[in-house]
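Observations on the three-dimensional arrangement
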Amino acid sequence: MPISKYAIQRKVRIAENGNKQPIFIKPFERRSNEVKAVIMAGGFGTRLRPLTNNLPKPMVPMAIKPMMEHIIELLVRCKITDLISLLYFQPEMIESYFGDGSKFGVKMTYIGASDDLGTAGSVGNARQYLDKPFLVISSDVLTDFDLMKAVEFHKKKRAAATMILTRVENPLPFGIVVTDEAGKISRFMEKPSWGEVFSDTINTGIYILEPETLELIQPNQEFDFSKDLFPLLLEKKEPLYGYIAEGYWKDVGSLEEYRQANLDILQGKVKVNIPGEEINKRGVWLGKDSRVDFTCNLEGSVVIGSNCKIGVNARIINSIIGNNCTVEDGAAIVSSILWDNVSVGQEAVLQENVVASKSEIKEGVYLAEGAVISDNCQIGKGSTVKAGVKVWPYKVVEDGAILASSLIWGEKWSKNIFGPYGVTGFANIEISPEFAAKLGAAYGAYLRKGAVVSTSRDAHKTSRMINRAIMTGILSTGVNIHDYGVTPAPVVRYLAKSGSGEIGGVHTRRSPFDSGIIDLKFFDNKGLNLHPNQEKAIERLFFREDFRRAQMEETGEIVFPVHGFEYYQNGFMSSIDAEAIKKANFKIVLDYAYGSSSRIFPSILGKLNLNVIAVNANLDGAKITKTADEFQNSLDQLSSIVKSLKTDLGVFLDAGGEKVFFADENGNIIDGDIALNLITLLIMKSHPRPSKAGKLYVAVPVTASMVIEQMADIYDFSVKRTKTTIRGMMETAMEEGVVFVGEHTGGFIFPQFQPAFDGMYAIAKILEMMSKKEIRLHQLLREVPPSFMIKEKAPCSWEKKGAIMRCMIEDSRDKSTELLDGIKVKFSKGWVIIYPSQDQPYFHVVAEATTMEKAKDLAGEYRGKIAKWQKEFIAHS
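Since we're looking at a predicted model, the values are computed, not measured.

Points about the overall build of the protein chain
- Looking only at helices and strands, the protein chain has 21 helices and 55 strands in total.
- For 877 residues, the compact-globule estimate of 2.2 N^0.38 gives 29 Å, and the C-alpha radius of gyration of the protein chain, at 37 Å, exceeds that figure by more than 25%.
- Dimensions of the protein chain, computed from the C-alpha atoms along their principal axes, are close to 120 × 60 × 60 Å.
- Buried positions account for 55% of the 877 residues belonging to the protein chain.
- Looking at the protein chain alone, contacts between residues at least 24 apart form 58% of all its contacts between residues at least 6 apart.
- Accessible surface for the protein chain amounts to roughly 38200 Å². Of this, 48% is attributable to carbon and sulfur atoms.
- Between the centroid of the 106 positive side chains of the protein chain and the centroid of its 106 negative side chains there is a distance of 1 Å.

Structure representation (structure tokens):
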């Protein structure tokens, strides 16, 4: 039937008896008084994120109940009980909660959708159920309109469609509507500018429609009420009316509106059913089995759900506390909304916040105004979440941290930006351009105005993006930049200490171990990693957002130095015996791992008369990260080439140019610990015997093999043990008499050149020593005393690490121990050390002995002790 039939008082209907005689009836007399309702419950709730990341918007609690439940209760009060819910996002959560509707006094039918068809298109999917006038209402509004008055108005006006309207002070975010004296709509406009505001009467998104209107909606096509259906009705001059309703209405379209809507419930501005029992008409509602300590101070209107516990001297003001919540002693909650299963620790302060389900706000936390904590989060003891910050689901803010920007994708926000490996995080997620610019500003603010720092990066496109973001932050503080572009980290570290005028720098790279991680390496004017005190100072500026802002004429400048490689190369060549290397006529295989060293190292090697078989010598940012399997495959390839071409040495130079890994002249891959022993022995054999005037030292981490001391005794060297941190090794390299620092993962420092890992220099220096001693690595291996080392990991939660260390100290009181880094216990023919991982929840357990069996026994014994102590802690707790 064409919709234009609404324009006349009667319409023709073909008789069902088939006589084809017209039957004249009045348009609405055949309708019953019963009205159905369609609940729009398919929204994603994008504007309410992070609260709606794991929850459909209709299920977001409002005064403990889901929004949609308040809508259903309103419909029941208006005697509308035949309901159809249109679902789209996470439909199972809605169906599971409301079931068939009988629990709520309604009959509920659900209709899902595979595509977003718009508001009217979605309702069109339910046309088979809509044989009577029906009301359309969104599940994410809060209102107490008398909907039956609107239905009576619709029927009285014999309307095809009626829009329920209300008046607001600011109509800009809504669709405005103009009606004539009879209520007929003459004009409307969606979300106007102020110049287009011609009414303060807005469309609430609640409609009453005749089923014939559905004929205008094409099946399975996107169709909207405001953009498509209503303009079409106006065009056809069909009876489209507006009913101005009295009462409360709020579109809960933002986090602030959500919190305000809850407070409006508390203040009695909207008529809804508040769960629980009101206590002595005081505006305090208390749920079943909840306990509130008599010292607790409840001010204003407060709703406390079922099975809650409110502790001693807690203070709750104009707030809603969900079911199964705990508020511990001395906590203060002001104008805040807590969902179900939230715990708030002692002396915590919440001020105008929303905290979603199953989140834990620990002791002494301060949540500033407008902070939003999503579900399943943990906010650590004594931490601060600043105003307006949003924490996404399943995030951890560590004890004592200050969270100043929203924590969206990363798993946790630490009180420390700098970790054991510099600043690391997920590319474009944790380390985003915004984060990098802010960190650059904090770094620049730490330095004096007019200072010069260097920036550099690897060849990956994301590294370039982050490097440029850091540069913008630095420049904004009035600090100048020497940008070296794609350059190996050892080169820029060397330039920082060589009189370039730079007082430090930052190198951006893709992690060599994880393709999704970006590393930021900060260093000082000696080329060393920043001291922890310097890192702390930068962190304080970052968290306080205390950045110096240079005036327009004082912002920093960028210079692109052209002689940086030349300075490095000159210093390099002056620090080695090039003639010794030339005489040896070495033939080597060199895998550049697609790194930036391939841009400068070939010219150096060309001056040393080396026959180099270069592998992977082109820049490729997509290949600079290697998994463990890919790394092993590269070493296997290196071994194969060495064997087939019968070269003197095979070297894998990591993409950053810092670490080196070897295959000996027989093609055997040399293990990291053995390589450290070999290179240390080569140093001792090649270096002149120390004079009586001063000792010479080699330095190795506390976890390195005891055979190094045995070899040092033979060659009159002394051994310095260092911490396992990179900064610890670099600092030791600066000490008097130290000629070499090495560690077991391919990092070697030759202090006469620079106090930092430099794989390129290490290769040349090792070749120089091999030439002078006329020896190859496999031959040298025979001179290394035998020993056996075991390395294992013992799982341990973060909070138990300190207690484990205490137990280890107590257990080792009658033994010979070393406490340089972790706890090392020495025995007559071996040792064991346990030390906590700096970034993972486990302990490293390393043991060495004269036989493999003894080493395994030692490691197993102490791994077992850690497990036993943890079980005891659990039992006592």
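Having seen the model, we can carry on.
Concerning unusual backbone geometry
- In the segment running from Arg49 into Pro50, the intervening peptide bond is cis, with an omega of 15°.
- Mapped onto the fold, Pro50 is located in the loop between strand S3 (36-41) and strand S4 (61-62).
- Its identity as a non-glycine residue notwithstanding, Lys237 has a phi of 60°, on the positive side.
- In this structure, Lys237 sits in the loop between helix H5 (225-235) and strand S14 (240-244).
- The phi dihedral of Tyr594 is positive, around 65°, even though this residue is not glycine.
- Within the secondary structure, Tyr594 is located in the loop between strand S43 (587-591) and helix H13 (601-606).

Focus: the side chain of Asn467
- Positionally, Asn467 belongs in helix H8 (residues 461-475).
- The residues touching Asn467, leaving out its near neighbours within four places in the chain, are Thr455, Ser456, Arg457, Asp483 and Thr508.

Quick notes on the sheet that holds S43
- Spatially, 4 strands are ordered S44-S43-S45-S46 in an open sheet, and the strand pairing comes out mixed. Every interior strand has two partners, whereas the edge strands, strand S44 (611-615) and strand S46 (660-663), have only one. The sheet shows a mean angle of 20° between the axes of neighbouring strands, direction not considered.
- Relative to strand S45 (residues 649-653), S43 runs parallel, the two being bridged by 4 bridges. Note on S45: the bridge partner recorded for Ile588 is Leu649.
- Of the strands in this sheet, S43, S44, S45 and S46 touch helix H14 (residues 628-645), which is tilted by about 155° from S45.
- Where helix H18 (residues 759-773) meets the sheet, its contacts fall on S43, S45 and S46, and the angle it forms with S45 comes to roughly 165°.

A look at the packing of aromatic side chains
- Under the defined criterion, the tally for this structure stands at 27 aromatic pairs.
- Consider the rings of Phe153 and Tyr241, whose centres lie 6.2 Å apart with planes at 75°: the pair is edge-to-face. Residue Phe153 is found in helix H4 (residues 147-156), and its partner Tyr241 is found in strand S14; the two are separated by 88 residues along the sequence. Across the pair, Tyr241 and Phe153 agree in class, each one buried.
- Look at Tyr494 and Tyr568: their rings are 5.6 Å apart centre to centre, the planes differ by 85°, and that puts the pair in the edge-to-face class. Note that Tyr494 is positioned in helix H9 (residues 489-497) and Tyr568 in helix H11 (residues 564-574), a separation of 74 residues in sequence. Residue Tyr494 shares its accessibility class with Tyr568, and that shared class is buried.
- Aromatic rings pair up to connect Tyr494, Tyr568, Phe572, Phe601, Phe662, Phe740, Phe748, Phe750, Phe753 and Tyr761 into one cluster.
- Above the face of the Tyr697 ring, Lys720 is positioned so that its terminal group lies 4.5 Å from the ring centre.
- Geometry around Trp831 places Lys824 over its ring, the cationic atom sitting 4.3 Å from the centre.

A closer look at the environment of Ala331
- Topologically, Ala331 is positioned in the loop between strand S22 (326-327) and strand S23 (332-334).
- Considered as a pair, Ala331 and Asp144 are 187 residues apart in the sequence and their alpha carbons are 34 Å apart.
- Setting aside residues no more than four positions away along its own chain, Ala331 makes contact with Asn313, Ala314, Arg315, Val344, Gly345, Glu347 and Ala348.

So, the sheet that holds strand S51 (residues 788-795)
- Taken in spatial order, the 5 strands line up as S51-S55-S54-S53-S52 in an open sheet, and their pairing is antiparallel. Each end of this open sheet is capped by a strand with a single partner; those strands are S51 and strand S52 (816-818). Along the sheet, successive strands turn relative to each other by an average axial angle of 20°, direction set aside.
- Sheet topology places S52 next to strand S53 (residues 823-827); 3 bridges connect them, and they run antiparallel. Across the sheet, residue Thr817 finds its bridge partner in S53, namely Val825.
- Here helix H21 (residues 852-876) sits on the sheet and contacts S51, S53, strand S54 (830-836) and strand S55 (842-849); the angle it forms with S51, its principal contact strand, is near 15°.

A closer look at the pattern of salt bridges
- Summed over the entire model, instances satisfying the criterion amount to 32 salt bridges.
- One salt bridge in this structure joins Lys720 and Glu735, with 3.2 Å as the shortest N-O distance. Remark: Glu735 occurs in the loop between helix H17 (726-733) and strand S49 (738-742) and Lys720 occurs in strand S48 (residues 718-722); sequence separation between them is 15 residues.
- The exposure class assigned to Lys720 is partly exposed, which follows from its relative accessible area of 23%.
- Residue class for Glu735 comes out partly exposed when judged on its relative accessible area of 37%.
- Here Arg727 and Glu731 are joined by a salt bridge, their closest N and O atoms 2.8 Å apart. One end of the pair, Arg727, and the other, Glu731, are both in helix H17, 4 residues apart, so they sit about a helical turn from each other.
- Beyond isolated ion pairs, a larger network of salt bridges with shared partners links Arg493, Arg509, Asp519 and Glu658.

Some points on the packing of helix H7 (residues 433-446) against H8
- Their axes nearest at 6 Å, the elements H7 and H8 cross at an angle of 40°. As summarised for this structure, H7 and H8 are arranged oblique, according to the angle between their axes. As for the relative orientation of H7 and H8, their crossing is right-handed in sense. Across the interface between the two elements, Pro433, Ala436, Ala437, Gly440, Ala441 and Tyr443 of H7 pack against Met465, Ile466, Ala469, Ile470, Thr472, Gly473 and Ile474 of H8.
- Here the contact of H7 with H8 is built from residues that sort into 10 nonpolar, 3 polar and no charged.

About the thresholds
Residues numbered from 1 in each chain as written. Predicted model: local features only at pLDDT ≥ 70, side-chain atom pairs only at ≥ 80, totals over all residues. Heavy atoms only, no water. Helix = DSSP H or I, 4+ residues; strand = E, 2+ residues; numbered from the N terminus. Rg over C-alpha atoms; globule rule 2.2 N^0.38 Å. Buried < 20%, exposed > 50% of the residue type's maximum accessible area, 1.4 Å probe, protein only. Contact = heavy atoms within 4.5 Å. Areas by Shrake-Rupley, 256 points an atom, 1.4 Å probe, with all protein chains shown as cover. Lys, Arg positive; Asp, Glu negative; His and termini not counted. Charge placed at Lys NZ, Arg CZ, Asp CG, Glu CD. Pairing = 2+ DSSP bridges. Axes fitted to C-alpha atoms, helices over the stretch in contact; angles between N-to-C directions. Phe/Tyr/Trp six-rings, centres within 6.5 Å; stacked < 30°, edge-to-face > 60°. Lys NZ or Arg CZ within 6 Å of the ring centre and 35° of its normal. Salt bridge = Lys/Arg side-chain N within 4 Å of Asp/Glu carboxyl O. Parallel < 35°, antiparallel > 145°, perpendicular 65-115°, else oblique. Left-handed = near helix turned anticlockwise from the far one by under 90°. Nonpolar A, V, L, I, M, F, W, Y, C, P; charged D, E, K, R; others polar.

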